[in-house]
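Here is what each chain is made of, one letter per residue.
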Amino acid sequence: MQRLDAILDELSKRKPKAVIFISGKLRIFRCGRRHQRVGKKSAMPATANCSRAKGNRIFAKIERLGVPTVAAIDGACLGGGCELSLACRYRVATDHPKTQIGLPETQLGIIPGWVRRSACRG
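Counting of residues starts from 1 at the beginning of each chain's written sequence and follows it residue by residue. In view of the model being predicted, local features appear only for residues whose pLDDT reaches at least 70, and side-chain atom pairs are presented and counted only at 80 or more, with totals across whole chains, interfaces and linings using the full set of residues. Values reported for side chains reflect all heavy atoms of the structure, with hydrogen atoms and water molecules removed beforehand.

Enquirer: Explain the state of the cysteines to me, using residue names and the numbers behind them.
Expert: Cysteine sulfurs are considered disulfide-paired once they come within 2.5 Å of each other. The tally for this structure, following the rule as stated, stands at 0 disulfides. A disulfide-free cysteine, Cys77 has its sulfur positioned 5.2 Å from the sulfur of Cys82, the nearest such atom. A 1.4 Å probe rolled over the protein chains alone gives each residue an accessible area, and that area as a share of the maximum for its type sets the label: buried under 20%, exposed over 50%, partly exposed in between. The exposure class of Cys77 is buried, given its relative accessible area of 0%. Of the cysteine sulfurs around Cys88, a residue in no disulfide, the closest is that of Cys77, at 9.2 Å.

Enquirer: Please provide a residue-by-residue account of helix α3 (residues 52–63), values included.
Expert: Side chains that are three or four residues apart share a direction in an α-helix, a result of its 3.6 residues per turn. Between its first and last C-alpha atoms α3 spans 16 Å; for 12 residues at 1.5 Å apiece the expected length is 16 Å, and the two agree. Where helices and strands are cited, they refer to DSSP runs of H or I of at least four residues and of E of at least two residues respectively, numbered from the N terminus. Among the residues of α3, those classed as buried are Gly55, Asn56, Ile58, Phe59, Ala60, Lys61 and Ile62. For this analysis, residues touch if any pair of their heavy atoms sits within 4.5 Å. Considering only its buried residues, α3 is in contact with α1 (2–14), β1 (19–21), β2 (69–73) and α4 (80–87). How far a helix is expected to stretch is found by multiplying one less than its residue total by 1.5 Å.

Enquirer: Account for the sheet that holds β2, with residues named and values stated.
Expert: Pairing between the strands of a sheet comes from backbone hydrogen bonds, and it takes one of two forms, parallel or antiparallel. Pairing between two strands requires that DSSP report at least two bridges joining them. The strand order across the open sheet formed by 3 strands is β1-β2-β4, and the pairing between neighbours is parallel. Since the sheet does not close on itself, it has two edges, and those belong to β1 and β4 (90–93), each with one partner. Sheet twist, expressed as the mean angle between neighbouring strand axes with direction ignored, is 25°. With 3 bridges connecting them, β1 and β2 associate as parallel partners. Each bridged residue has a counterpart across the sheet, and for Ile20 the counterpart in β2 is Val70. Convention adopted: a line fitted to C-alpha atoms gives each axis, helices being fitted over their contacting stretch, and angles between N-to-C directions are expressed from 0 to 180 degrees.

Written out as structure tokens, the structure reads:
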């Protein structure tokens, strides 16, 4: 997330014509943390290194770039990756059988921490 934050600062200065977010990993579009680390008693270990405010601030930078932003999804786009894709203006996805988009943390009773109201625009 720190690297993404720095890259977004640079992009806001350069003013590109568009920004496309792709994953360097095969069949996965990921951002954020793994929830397997969450203990049964508390979610604090999972949230200690990545605050909701920081995630919201970074995703707001994507929304404010002032250029078309696209999440190019191939494979699993879950949790933080899904939230990053919602910060983009457009989302495109392959029809590969491994392509899934969702917020599985809700099945653990965790409310997605980075989804912004503006991501829910119609």
